[in-house]
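Architecture at a glance
Listed here are the chains, written in short residue letters.
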Amino acid sequence: MDECVRLRDVRLVRGPHEVAAGVTWTLAAGERWALWGPNGAGKSTLLALLEGRIAPADGTVRRAPGLRIVTVPQVPSFAPGQTVWEAACAGLRPLRAAEAQVRAEERRLAQGRGDLEAYAALQERFEQEGGWEAEPRLRRELAILLPHPRLHLPVERLSTGERRRLALASALAQRADLLLLDEPTNALDLPARRWLTDRLGRSRTAMIIAGHDRALLGAASTHSARLQDGRLEPVALPFDRDRDRRGVQRRRAERRAHQAAREAARLGASAERARRWGSPAQRGSARTLARRAAEVAWAAPDPEPSTVHAWRLSDSEARRGPVAWARHLSAPGAFEDLSVTLEAGDKVALIGANGSGKSSLLQMLAGVRPSARPDAEAATRAGVTMHLWDAAGRGLDDAPLETQLDRWVPRPRIPQLLALVGLTPAQARSEPATLSGGERARAAVALLVAREPDVVLLDEPEADLDLPALDLLEQALSDARVTVLLATHDVRLAEAVCPDAWSLEEGALIAWRGGVHGWGVGRKRQEGPTEIATAAHDPGPPDPEASLHALEDEDAALSALLEDPTRLSDRERTRLEARRHALMEARMRAYDARLPAPAPRHRALEPPLCLEADRNDQGGLTFTADWPTLPRVRVTGGVAHLTLPDPPNGCWAPWARVRALRAALRVVFEALAPEAVQTPARGPEAPAPFDALTGGWWVVHRADWEARYGLTRAR
């Protein structure tokens, strides 16, 4: 197999710092390498060394003769004043030079002064550089990556994503022997990432892809190399298999470390017992046991730091029904009348092309950006907390991270959160504006875990996050029972966190069957743009039956945490006990909801009429019947005033009104026990058991009513 580049015992420095040492690496033709590692590990510096822009501090770098290397840097740069077409053709300069030499030799041959062997050599070089197909190939790449290329426009008029697409089109159109791609999916939307992943996965060109896009690295790589802590570890395995292998090794090391710790604790306890209560001979062996315990603890394997931790977003109170909704949202150029509802526990990936309005939708849902329509509304259920991770601030304010974390968690937990995201105390005491992009992104993860919100809105959180931080964010969002709306171009993150997927297309939200995969194969929920909308009012209290198991699981988890109070601070224990009390109330409501609704306490039958009633919170009665209108009752000074309104555009039949009043009379006396009940007179004679009363009233005294029906008053 032909070698492209060979590194042997290379020491690489960047400024005053050493990036890596002892790097030995061989890149062969046709191999596609995934170069990965944390931010700041030196991946871009290593690519610059391979390209030849910098020299090693020590060791050797050997490149194959005539090796054509094409690079796509993290931030593509173009000459000032260039048009899009001129910038795209910049990589074809060697081809243009070879073409000019071929044309010159053709003219000499026409004049009889040429050399056929020289002409053949020039033709061969021209074909190696791309030949006559180079420019048509470049136009095809531009047509795919820039659907509306506007080739005559200055490059300065292009967006960041369009410049990235231009650089990729120019690089892919060239016939390179080695392609170096540094974060190639930065600023690319999901459709462009899918196309690039498929294109690179089918390429036979040797390449190195440095980045954190797990979908691209997994699908396009045949080999993997991790750069971390100054060491490069290349293996002949694709990225996904290499990560799986390292995960198995890490778990084995953690298990061995745990077993060694238990053995050291056992030996230490034996030494302490022998020293305190043993015989003289046993006390002499205590020193041997203690020394052995120290040796076991010292020899325990030091596992690689893991991104799997017990810390996770707290489980918000299980609910059913909407927790956040918005109506009549409008963003000029994106959508005109958009309505959306997030149900409790929803985890939805918001995908689509750049410029479709995803960021605007998240900001309007969070209430930080107004809608262009004056009748728009955005609201959350009472008591629901919302966290917005936007592209600019990532949910952070101007205060140092340590100050922001102190608002949400006890001080003893702050160092644990910093260790979780890989930040130092000095970085936590610095203002977010002074941190690098990767450090700010890690700080945003720490704040998200500390806040424990009910609803999380995330706008491209994968930007500036390396693989360990992405794994941590993925775990936190997947494990927690929170509502998530995730606008992302990272397909692995979307598939791991969100079972549902929406896309913004032509101003409407489209729901896709099968989540992100369903979007990829075009499985809509129904034909045409389907707006995800519900009624414009608060749907009311949720039904707790579906969440009963979740409440019981959370209560069991809290009980396990509270079993050992020494592991908790006073503040954290108080918070967990309050949460457990709230869970108990929620469980009681859930149990009550599973029981059948109680029947009304009072019932009166006056054939063919039947009336049922219950006491209400205001001390009155709530009637239930299939009558045209229901009675009304008001008690003042021991006298109940009973009225029976006529139905709209009609009236009660006299016999039906009398029977309805008798039924209502019985319910009122039984439920409210007034001294008398009076009703407006409707006719010259009062029907039994009513007596006529001056002023246009009929009245029944309780003693007369009880005597009529043979009842005895309770003493």
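Residues numbered from 1 in each chain as written. Predicted model: local features only at pLDDT ≥ 70, side-chain atom pairs only at ≥ 80, totals over all residues. Heavy atoms only, no water.

Some remarks on the overall build of the protein
Regarding its fold elements, the protein presents 22 helices and 26 strands. Expressed as a percentage of the 715 residues in the protein, the buried residues total 44%. Residue pairs at least 24 apart in sequence account for 64% of intrachain contacts in the protein once pairs closer than 6 positions are excluded. (Helix = DSSP H or I, 4+ residues; strand = E, 2+ residues; numbered from the N terminus. Buried < 20%, exposed > 50% of the residue type's maximum accessible area, 1.4 Å probe, protein only. Contact = heavy atoms within 4.5 Å.)

What to know about the pairing of strand E20 (residues 609-615)
Here five bridges tie strand E19 (residues 602-606) to E20, and the two strands are oriented antiparallel to one another. Paired with Glu-606 across the two strands is Leu-609, which belongs to E20. From the end of E19 to the start of E20, which pair antiparallel, there are two residues. Sheet topology note: the E20/strand E21 (residues 621-624) ladder contains four bridges and is antiparallel. Note that in E21 the partner of Asp-614 across the bridge is Thr-622. Here E20 folds back onto E21 in antiparallel fashion, the turn holding five residues, of which Gly-619 has a positive phi close to 85°. (Pairing = 2+ DSSP bridges.)

Some details on the nonpolar core
Ranked by size, the top nonpolar core spans 48 residues in total, and within it Trp-389, Leu-405, Leu-458, Leu-465 and Leu-477 carry the most contacts. Per-element tally for this core: the top contributor is helix H15 (residues 437-451), with nine residues. What Leu-465 contacts, discounting residues up to four positions off in sequence, is Asn-39, His-212, Trp-389, Ala-441, Arg-442, Val-445, Leu-470 and Leu-473. Residues Cys-89, Ala-173, Leu-196 and Ile-209 belong to the second largest nonpolar core, which totals 38 residues. (Core = buried A, V, L, I, M, F, W, Y, C linked by side-chain atoms within 4.5 Å.)

Details of the sheet that holds strand E24 (residues 676-680)
On the basis of which strands lie adjacent, the open sheet formed by five strands has the order E22-E23-E24-E26-E25 and mixed pairing. The open sheet has two edge strands, strand E22 (632-636) and strand E25 (691-693), and neither has a second partner. Ignoring which end each strand starts from, the neighbouring axes of this sheet average 30° apart. Here three bridges tie E25 to strand E26 (residues 697-701), and the two strands are oriented antiparallel to one another. By the bridge assignment for E26, Leu-693 is matched with Trp-697. (Axes fitted to C-alpha atoms, helices over the stretch in contact; angles between N-to-C directions.)

Concerning the packing of aromatic side chains
Evaluated as defined, the whole model comprises five aromatic pairs. With 5.3 Å between their ring centres and 85° between their planes, Trp-25 and Trp-33 make a pair best called edge-to-face. Note on Trp-25: relative accessible area 2%, which makes it buried. On the basis of an interplanar angle of 45° and a centroid distance of 6.3 Å, the ring pair of Phe-690 and Trp-698 is categorised as tilted. Considered together, Phe-690 and Trp-698 belong to a single accessibility category, that of buried residues. (Phe/Tyr/Trp six-rings, centres within 6.5 Å; stacked < 30°, edge-to-face > 60°.)

Comments concerning the environment of Ser-170
Structurally, Ser-170 is set in helix H6 (residues 160-173). For the pair Ser-170 and Leu-138, spaced 32 residues apart in sequence, the C-alpha separation works out to 6.6 Å. Once you skip the residues sitting within four places of it in the chain, Ser-170 turns out to touch Ala-87, Ala-88, Gly-91 and Leu-138.

A short note on unusual backbone geometry
Along the chain, Pro-607 connects to Pro-608 via a cis peptide bond; the corresponding omega equals 5°. By the element assignment, Pro-608 lies in the loop between E19 and E20. The linkage connecting Ala-688 with the following residue, Pro-689, adopts the cis geometry, with an omega of 10°. When you line up the elements, Pro-689 lands in the loop between E24 and E25. For Asp-9, which is not glycine, the phi dihedral falls at a positive 50°. Among the secondary structure elements, Asp-9 is positioned in strand E1 (residues 3-14). What makes Asp-9 partly exposed here is its relative accessible area of 48%. Of note in this structure, Ala-187 is not a glycine but carries a positive phi near 65°.

Describing the packing of H6 against helix H7 (residues 190-201)
It is at 13 Å that the axes of H6 and H7 come closest, and there the two elements cross at 15°. Classified by the interaxial angle, the pair formed by H6 and H7 is roughly parallel. For the pair H6 and H7, the sense of crossing is left-handed. Facing H6, whose interface residues are Arg-165, Leu-168 and Leu-172, H7 presents Ala-192, Trp-195, Leu-196, Arg-199 and Leu-200. Its residues assigned to classes, the contact of H6 with H7 shows six nonpolar, no polar and two charged. (Parallel < 35°, antiparallel > 145°, perpendicular 65-115°, else oblique. Left-handed = near helix turned anticlockwise from the far one by under 90°. Nonpolar A, V, L, I, M, F, W, Y, C, P; charged D, E, K, R; others polar.)

A few points about the environment of Ala-34
Structurally, Ala-34 can be placed in strand E3 (residues 32-36). Under the relative-accessibility criterion, Ala-34 is labelled buried at 1%. Separated by 174 residues in sequence, Ala-34 and Ile-208 place their C-alpha atoms 6.0 Å apart. Sequence-distant contacts of Ala-34, defined by excluding residues within four places in its chain, comprise Ile-209, Leu-217, Ser-221, His-223, Ser-224, Ala-225 and Phe-239.

Some words on the confidence of the model for the protein
Overall, the prediction assigns the protein a mean pLDDT of 82, with 89% of residues at 70 or greater. With pLDDT under 50 throughout, residues 304-318 is counted as low confidence; its partners more than four residues away or in other chains account for 44 contacts. (pLDDT = per-residue confidence, 0-100.)

Looking at the pattern of salt bridges
Evaluation of the coordinates by the stated rule reveals 29 salt bridges. Where Arg-226 meets Glu-233, a salt bridge forms, and the shortest distance between an N and an O atom there is 3.6 Å. The pair formed by Arg-226 and Glu-233 is uniform in burial state, with each residue classed as buried. Between Arg-411 and Asp-406 there is a salt bridge, with its nearest N and O atoms 3.7 Å apart. What you see here is one network of salt bridges that share partners, running through Arg-226, Arg-231, Glu-233, Asp-242, Arg-245 and Arg-246. (Salt bridge = Lys/Arg side-chain N within 4 Å of Asp/Glu carboxyl O.)

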